Amino acid sequence: LQSVTPSLSLGFEGVYQRSGVNTRPETAMSYCGRYKSTDWIASAQYLAQGSVGVSYWRKLTDKVEAGVDCQLQFAPGLAGNGGMLTGIRRDGTTTVGVKYDFRVATYRAQVDSAGKIGVVLEKRVAPPVTLTFAGEIDQVKASPVLSFASCPITSI
């Protein structure tokens, strides 16, 4: 990203890779922009292969932050008869999240348009030690699964 103004940044990225001498090279281009205010940030990214991502983050109070992220993919679709390429397949996911800072802990939660709900609670036990509880549930699957992390103690 390159700052165009104090609030606006624009940029692009190019990737060229080749896994072997006998393989075709893979290339990718993406373009991005970010606008930053005092209490909110909006950004967008476009990948030439057919993907668009936009996000918005806002600081609501000293302890509460919220954001939304939308990812859209536009790719050639497969037909049911023999796998012929037809039309454009459109997929997208939108995620809404919130963060609340307690005095010695941080609570984060998110829900997305696919039905997944995730929660993380980080508790600072001592200055170098953090205790983390995390859980995720997928409401759309036939058998919802609730899984919790093993409460790792990490050093900061």
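Just so it is clear, the structure is predicted and the values come from calculations on it, not from any experiment.

**Digging into the pattern of salt bridges**
Evaluation of the coordinates by the stated rule reveals two salt bridges. Between Asp39 and Arg58 there is a salt bridge, with its nearest N and O atoms 3.4 Å apart. With Asp39 in the loop between strand E3 (26-36) and strand E4 (40-47) and Arg58 in strand E5 (residues 51-59), this pair connects stretches of sequence that are 19 residues apart. Given the relative accessible area of 25%, Asp39 is considered partly exposed. Residue Arg58 is classed as partly exposed on the basis of its relative accessible area, which comes to 29%. A salt bridge links Glu122 to Arg108, with the nearest nitrogen and oxygen atoms 3.3 Å apart. Of this pair, Glu122 sits in strand E9 (residues 116-126) while Arg108 sits in strand E8 (residues 105-112), and the two are 14 residues apart along the sequence. Glu122 sits in the partly exposed class, given a relative accessible area of 24%.

**Thoughts on the pairing of E8**
Of the strand pairs in this sheet, E8 and E9 are connected by seven bridges, and their pairing is antiparallel. Paired with Tyr107 across the strands is Leu121, a residue of E9. Here E8 hands over to E9 after three residues, with Gly115 in that stretch at a positive phi of 95°.

**Some words on the packing of aromatic side chains**
Counting across every chain of the model gives four aromatic pairs. Their ring planes at 35° and their centres at 5.7 Å tell us that Trp40 and Tyr56 sit as a pair that is tilted. Linking Trp40 in strand E4 with Tyr56 in strand E5, this pair joins segments that are 16 residues apart in sequence. Using a relative accessible area of 23% as the deciding quantity, one classes Trp40 as partly exposed. Three or more aromatic residues joined by ring pairs form one cluster here, namely Tyr35, Trp40 and Tyr56.

**What about the environment of Val52?**
Inspection of the secondary structure assignment puts Val52 in strand E5. Once the C-alpha coordinates of Val52 and Tyr31 are considered, the two residues, 21 residues apart in sequence, prove to be 9.7 Å apart. Beyond its immediate chain neighbours, meaning those up to four positions away, Val52 contacts Gln45, Tyr46, Cys70, Gln71, Leu72 and Phe74.

**So, the pairing of strand E2 (residues 8-17)**
Note: strand E1 (residues 2-3) against E2, two bridges, orientation antiparallel. Bridge pairing in E2 links Gln2 to Leu10. Counted along the chain from E1 to the antiparallel partner E2, the turn is four residues long.

**So, the confidence of the model for the protein**
Confidence in the prediction for the protein averages 84 pLDDT; 81% of positions are at 70 or higher. Long-range and interchain partners of residues 78-82, a stretch whose pLDDT sits below 50, account for six contacts in this model, where long-range means more than four residues apart. Note on residues 147-156: pLDDT under 50 across the span, and 21 contacts to partners over four residues away in sequence or across chains.

Cut-offs and rules
- Residues numbered from 1 in each chain as written.
- Predicted model: local features only at pLDDT ≥ 70, side-chain atom pairs only at ≥ 80, totals over all residues.
- Heavy atoms only, no water.
- Salt bridge = Lys/Arg side-chain N within 4 Å of Asp/Glu carboxyl O.
- Helix = DSSP H or I, 4+ residues; strand = E, 2+ residues; numbered from the N terminus.
- Buried < 20%, exposed > 50% of the residue type's maximum accessible area, 1.4 Å probe, protein only.
- Pairing = 2+ DSSP bridges.
- Phe/Tyr/Trp six-rings, centres within 6.5 Å; stacked < 30°, edge-to-face > 60°.
- Contact = heavy atoms within 4.5 Å.
- pLDDT = per-residue confidence, 0-100.

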